[in-house]
Amino acid sequence: MADILLNVEDMKIYYPVAGKKFGTTDYVKAVDGVSFQVERGEVFGIVGESGCGKSTLGRGICKLEQPTGGKVVLDGEDISSYNNSQMRPVRKKVQMVFQDPYASLNPRMSIFDIIAEPLIIHGLTKDKAELEAKVLDLLRKVGLDDYHANRYPHEFSGGQRQRIGIARALAVQPKLIIADEPVSALDVSIQAQVLNLMNQLKKEFNLTYIFVAHDLSVVEHISDRVGVMYLGNFVEVGSKESLYKAPTHPYTQALLSAVPVPDPTAKKDRVILEGNIPSPLNPPTGCKFHTRCPKCMEICKKEAPVKTQLTDDHYVYCHLASQKG
Ligand code: SF4
């Protein structure tokens, strides 16, 4: 039986805004009823364009955003209704790594203090000597040197700052790391180094990752399974092998067609999506993707597609797939 570390059921994260009519309230539905599970030791990639809700979903899981509804069970513990103080001990189990390591590292703290802080907060060291040994060990684990401990964030490159962010997340020995676009701000050559480091640390610390990105090629490098999000919902979820070999949702196909291939002679038909992602304040009726879908049919404008299981580890929400099935 699968060893489930994280179970998310029907998660909703809505933001109230003033309605069109005076005195009414409308809702921006950033995450609109998302369900999925992540197995222990797995890397689950979440992909989609900016504004699809993927980062909000990640923040909702570790309660940096308070979900409007739904259930989150982490390592057998239902944390759905936990407030901030109840979440404090849980934060030892789930940590986040952010896109912009500079913004997430306090510029006035030395690297030593940045990495030591979570160890002190969670009471994970008994004395100063142990604290120092643990901080230096973490620095070495992420490929930095002991002398870096006395420096400040502005003295480091983007890739090094991301390594510091990873060391800080690792300090509490989490079970789950939610990495929100961790390499998007880095040069391509540095991206590969940070991804390799994350892969290596995953094995060494027996970690589970949720890896959020807008780029399917980055996610392919690290993920076991991938979920493609559009306007607050998954439209297709599958194992890496199945999803990249047989992308079924027209949105996944379009995203994949934009991934550059290393072989310049290889032919690839690029699917160009028209327009921008619609506002989650007023999403399209039926299939939310129908306003941009090159394969849109009449039914798509009226009825939301249901889940179609393609294989054991691959499902999609699209009328084309349900009609075939
Ligand atoms: Fe396109 Fe229709 Fe499938 Fe939506 S349901 S992705 S509009 S074909």
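Higher on the page you've got the structure.
Okay, so let's go over this structure. (Residues numbered from 1 in each chain as written. Predicted model: local features only at pLDDT ≥ 70, side-chain atom pairs only at ≥ 80, totals over all residues. Heavy atoms only, no water.)

We now examine the site of the ligand. Around the ligand, the neighbouring residues are His249, Pro250, Cys287, Phe289, His290, Cys293, Lys295, Cys300, Cys318, His319 and Leu320. According to the grid-proximity analysis, the pocket containing the ligand is the largest cavity. (Near = heavy atom within 4 Å. 1 Å grid on protein atoms, 1.4 Å probe; cavity = no way out; pocket = protein on both sides within 12 Å on 5 of 7 lines; lining within 4 Å. Sits in = over half its atoms within 2 Å of the grid points.)

Roughly 600 Å³ of volume is contained in the largest pocket. Lining the largest pocket are 27 residues, and of these Asn233, Phe234, Val235, Tyr315 and Tyr317 sit closest to its centre. Among the secondary structure elements, those contributing two or more residues to the lining of the largest pocket are strand E2 (25–39), strand E9 (225–230), strand E10 (233–239), strand E11 (307–311) and strand E12 (314–317). If you tally residues by element for the lining of the largest pocket, the top one is E2, at six residues. Grouping the constituent residues of the lining of the largest pocket by class yields 12 nonpolar, nine polar and six charged. (Points joined across faces, edges and corners; volume = space filled by probe spheres on them. Helix = DSSP H or I, 4+ residues; strand = E, 2+ residues; numbered from the N terminus. Nonpolar A, V, L, I, M, F, W, Y, C, P; charged D, E, K, R; others polar.)

Bringing a negative patch on the surface into the picture now. On the surface, a cluster of negative charge is contributed by Glu39, Asp224, Glu241, Asp312 and Asp313. Turning to its location among the elements, Asp313 is positioned in the loop between E11 and E12. (Patch = residues over 30% accessible without salt bridge, like charges linked within 9 Å, V, L, I, M, F, W, Y side chains within 5 Å. Areas by Shrake-Rupley, 256 points an atom, 1.4 Å probe, with all protein chains shown as cover. Salt bridge = Lys/Arg side-chain N within 4 Å of Asp/Glu carboxyl O. Lys, Arg positive; Asp, Glu negative; His and termini not counted. Charge placed at Lys NZ, Arg CZ, Asp CG, Glu CD.)

All right, on to empty space enclosed by the protein then. Summed over all chains, the structure comprises one cavity of 30 Å³ or more. There is about 90 Å³ of room inside the largest cavity. Along the wall of the largest cavity there are 13 residues; nearest its centre are Pro250, Cys287, Cys293, Cys300 and Cys318. In the lining of the largest cavity, the residues fall into 10 nonpolar, two polar and one charged.

A word on helix H1 (residues 54–61). With six of eight residues buried, H1 lies mostly within the body of the structure. Those residues of H1 that fall on the buried side of the exposure criterion are Lys54, Thr56, Leu57, Gly58, Gly60 and Ile61. Looking one or two residues beyond H1, the residue adopting positive phi is Lys63, at roughly 65 degrees. (Buried < 20%, exposed > 50% of the residue type's maximum accessible area, 1.4 Å probe, protein only.)

The strand order E2-E1-E4-E5 describes an open sheet built from four strands, whose pairing is antiparallel. Both edges of this open sheet fall to E2 and strand E5 (77–78), since each of them pairs with a single strand only. Direction of pairing for strand E1 (residues 4–18) relative to strand E4 (residues 69–74): antiparallel, over a ladder of five bridges. Residue pairing for E4: Val8 is matched across the bridge by Val72. Here H1 sits on the sheet in contact with E1, E2 and E4, set at roughly 115 degrees to E1. (Pairing = 2+ DSSP bridges. Contact = heavy atoms within 4.5 Å. Axes fitted to C-alpha atoms, helices over the stretch in contact; angles between N-to-C directions.)

As a further point, take the sheet that holds E12. Judged by pairing direction, the sheet is mixed, and its eight strands sit side by side in the order E6-E7-E8-E3-E9-E10-E12-E11 without closing on themselves. Sheet topology places strand E6 (94–97) and E11 at the edges, where each strand pairs with a single neighbour. The sheet shows a mean angle of 20 degrees between the axes of neighbouring strands, taken without regard to direction. Pairing of E11 with E12, which is carried by four bridges, proceeds in the antiparallel orientation.

According to the stated counting rule, one finds eight aromatic pairs in the structure shown. For the ring pair Tyr230 and Phe289, a centre distance of 4.9 Å and an interplane angle of 80 degrees mean the geometry is edge-to-face. Pair noted here: Tyr230 is in strand E9 and Phe289 is in the loop between helix H10 (250–257) and helix H11 (298–302), with a separation of 59 residues, a long-range link. Judged by its relative accessible area of 2%, Phe289 falls in the buried class. Where Tyr315 meets Tyr317, the ring centres are 6.3 Å apart and the plane angle is 85 degrees; that geometry is what we call edge-to-face. Put simply, the rings of Phe36, Phe44 and Phe234 touch in pairs and so form one group of aromatic residues. Above the ring of Tyr315, the side-chain terminus of Lys307 is found at 4.1 Å from the ring centroid. (Phe/Tyr/Trp six-rings, centres within 6.5 Å; stacked < 30°, edge-to-face > 60°. Lys NZ or Arg CZ within 6 Å of the ring centre and 35° of its normal.)

Any functional reading would require information beyond the geometric quantities listed.
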